[in-house]
Amino acid sequence: MRPNRQERAASAAQESDAMDSAAATAKAFLAAFRHHPAGAAIITGDPGDGPVALTISSLISVGVEPPTVAFSLSEASSSAKALARCETVVVHFVRRGNMQLARLCATSGTDRFGPEVSWTRLATGEPCYPQMDLRFRAALRGRLAAPGALVVTAEFLSVSAGDREPEEDETLVYANRAWHGLRPLADVVRAPLMLWPSDSATF
């Protein structure tokens, strides 16, 4: 039986409400993550046809045994597509002194391995930026397709010899399309304010 005019009107109203809700959710999603600070990392690799590099803010820890991370790669980025084809990559943790390099690797169309950029290759062949103290050689382990992106897991295999504990004022985060220094919150007696319990899965 064909729906009558009233039923068609009700159905159209429901579709319109759903579209409005989806648009509002997408808008709120973008606004929420613009103000959700994230650490930055530079991923470098070579799938066999030349070195590629990309700055990401999606790096998260997954587990310790073995040390595993995850990050997302956009389908819209040619560098991301090239990194997805790599077997191994180098994950560089960005600090304040690396901000200009992070900007370079985040800007479309730039030469991230040009004559003005200091870079080299590990003995195993992966390109890397030696001026960045903390970097890990990692093997890509899993790939999960998502709308417009690829979620990748990677196992850390080794750490750079220059690894050291960063100073407090070296911490750098990205939020609302800008870089920010990070300081611990403190109470009136300047004691650090703990934002999660000691048994938190975040480490």
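Preceding this paragraph is the structure being described.
What counts, and where the lines are drawn
- Residues numbered from 1 in each chain as written.
- Predicted model: local features only at pLDDT ≥ 70, side-chain atom pairs only at ≥ 80, totals over all residues.
- Heavy atoms only, no water.
- Helix = DSSP H or I, 4+ residues; strand = E, 2+ residues; numbered from the N terminus.
- Buried < 20%, exposed > 50% of the residue type's maximum accessible area, 1.4 Å probe, protein only.
- Contact = heavy atoms within 4.5 Å.
- Areas by Shrake-Rupley, 256 points an atom, 1.4 Å probe, with all protein chains shown as cover.
- Pairing = 2+ DSSP bridges.
- Phe/Tyr/Trp six-rings, centres within 6.5 Å; stacked < 30°, edge-to-face > 60°.

(A) Region of interest: the overall build of the chain. Across its full length, the chain carries 3 helices and 12 strands. Across the 203 residues that make up the chain, the buried fraction comes to 32%. The long-range share in the chain, meaning contacts at least 24 apart out of those at least 6 apart in sequence, stands at 59%. Total accessible area on the chain is roughly 13,200 Å²; 56% of this is exposed by carbon and sulfur atoms.

(B) Here's a closer look at unusual backbone geometry. Geometrically, the link from glutamate 65 to proline 66 is a cis peptide bond, its omega value of -5° lying close to zero. Mapped onto the fold, proline 66 is located in the loop between β4 (60–64) and β5 (67–74).

(C) Spatial organisation of the sheet that holds strand β12 (residues 178–181). Spatial ordering of the open sheet is given by β1-β11-β12, a layout of 3 strands whose pairing is antiparallel. Each of the sheet's edge strands pairs with one partner strand only, and the pair in question is β1 (38–39) and β12. Across 2 bridges, the pairing between β1 and strand β11 (residues 172–175) is antiparallel. Across the sheet, glycine 39 pairs through a bridge with valine 173, a residue of β11.

(D) Summary view of the packing of aromatic side chains. Per the counting criterion, the structure on display carries 6 aromatic pairs. Where phenylalanine 136 meets phenylalanine 156, the ring centres are 4.2 Å apart and the plane angle is 10°; that geometry is what we call stacked. One end of the pair, phenylalanine 136, is in strand β9 (residues 135–146); the other, phenylalanine 156, is in strand β10 (residues 149–159), and 20 residues separate them in sequence. Using a relative accessible area of 11% as the deciding quantity, one classes phenylalanine 156 as buried. Each residue in the set Phe93, Phe136 and Phe156 is aromatic and connected to the rest through ring pairs, giving one cluster.

(E) Inspection of the pairing of β4 at higher detail. As paired strands, β4 and β5 are joined by 4 bridges and run antiparallel to one another. Bridge assignment links glycine 63 to a residue of β5, and that residue is threonine 68. Connecting β4 to the antiparallel partner β5 that follows it, the hairpin turn spans 2 residues.

(F) Here's a closer look at the pairing of strand β2 (residues 41–45). Counting buried positions along β2 yields 5 of 5 residues, so the element is predominantly enclosed. Burial along β2 is two-sided: Ala41, Ile43 and Gly45 facing one way and Ile42 and Thr44 facing the other are all buried. Both β2 and strand β3 (residues 52–56) contribute to a ladder of 5 bridges, which runs antiparallel. Looking at the pairing, isoleucine 42 lines up with threonine 55 of β3. Taken together, β2 and the strand that follows it, β3, pair antiparallel across an intervening segment of 6 residues, in which glycine 48 is found at a positive phi of about 125°. Looking at chain direction, β2 and strand β6 (residues 88–93) are connected through 5 bridges and run antiparallel. For threonine 44, the partnering residue across the bridge sits in β6 and is valine 90.

Everything listed is a geometric property; what it means functionally is a separate question.
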